[in-house]
Amino acid sequence: MKILFQLAIVFGLCLVGQLISGILPITIPASIISLVLLLLLLLVKAVKPRQIQEVSEFLLKNMAFLFIPAGVSVVEQYTYLKGHILILALICVITTLLTFLVAAFTVTGVMRLQEKILARRSGHE
């Protein structure tokens, strides 16, 4: 029953993300909206990490399995991509490097922010 409740939270957020994405006048992926909603709920402590921990761990452990449909879609579109394989490979390499760089700078920035917050808290006590 605990797992079903956790799944309900995750799928409920996905549904709300879909609804918000459909209403917005600009195109924002529903998955991004759902992640932002989850972050906000975690920050205001409306959802506690332990309430979604088991489902989150399961999804992270099986993430590779979730990419199979996307891989199959790329293979299905091979006839359209056949003449552009080098461009596609270059795009993949560049976007992968950009993702690594953005992730590294984000982690570094968050760590510095956390250090500043901890320094302020220890200075006030």
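Residues numbered from 1 in each chain as written. Predicted model: local features only at pLDDT ≥ 70, side-chain atom pairs only at ≥ 80, totals over all residues. Heavy atoms only, no water.

**Student:** I keep staring at the layout of surface pockets and nothing clicks. Help me out?
**Tutor:** Picture a little ball the size of a water molecule; that probe, rolled over the atoms, points out where space is still empty. Taken as a whole, the largest pocket encloses approximately 290 Å³ of empty space. Lining the largest pocket are Val10, Leu13, Cys14, Ser31, Ile32, Ser34, Leu35, Leu38, Ile52, Val55, Ser56 and Leu59. Elements that contribute at least two residues to the lining of the largest pocket include exactly helix H1 (2–23), helix H2 (30–43) and helix H3 (49–61). Take the lining of the largest pocket: its biggest share by element is 5 residues, from H2. Residues of the lining of the largest pocket, tallied by class, amount to 9 nonpolar, 3 polar and no charged. (1 Å grid on protein atoms, 1.4 Å probe; cavity = no way out; pocket = protein on both sides within 12 Å on 5 of 7 lines; lining within 4 Å. Points joined across faces, edges and corners; volume = space filled by probe spheres on them. Helix = DSSP H or I, 4+ residues; strand = E, 2+ residues; numbered from the N terminus. Nonpolar A, V, L, I, M, F, W, Y, C, P; charged D, E, K, R; others polar.)

**Student:** Just checking my understanding: could you explain H1 for this structure?
**Tutor:** For the α-helix, the turn length of 3.6 residues means that residues three or four positions removed from each other point alike. With 22 residues, H1 should reach 32 Å at 1.5 Å per residue; the first-to-last C-alpha distance of 32 Å fits that figure. Listing the buried residues of H1 in full gives Gln6, Ile9, Val10, Leu13 and Gly17. Taken down its axis, H1 places every buried residue within 85 degrees of arc, on the same side. Of the residues in H1, the exposed ones pointing more than 90 degrees away from the buried face are Leu4, Phe11, Leu15, Gln18, Leu19, Gly22 and Ile23. Looking at the buried residues of H1, the elements they touch are H2 and H3. (Expected span 1.5 Å × (residues − 1). Buried < 20%, exposed > 50% of the residue type's maximum accessible area, 1.4 Å probe, protein only. Arc of directions from axis to C-beta. Contact = heavy atoms within 4.5 Å.)

**Student:** Honestly, a positive patch on the surface in this entry has me stumped. Any pointers?
**Tutor:** On the surface, Lys45, Lys48, Arg50 and Arg121 cluster together into a positively charged patch. Inspection of the secondary structure assignment puts Lys45 in the loop between H2 and H3. Exposure remark for Lys45: the relative accessible area of 59% places this residue in the exposed category. (Patch = residues over 30% accessible without salt bridge, like charges linked within 9 Å, V, L, I, M, F, W, Y side chains within 5 Å. Areas by Shrake-Rupley, 256 points an atom, 1.4 Å probe, with all protein chains shown as cover. Salt bridge = Lys/Arg side-chain N within 4 Å of Asp/Glu carboxyl O. Lys, Arg positive; Asp, Glu negative; His and termini not counted. Charge placed at Lys NZ, Arg CZ, Asp CG, Glu CD.)

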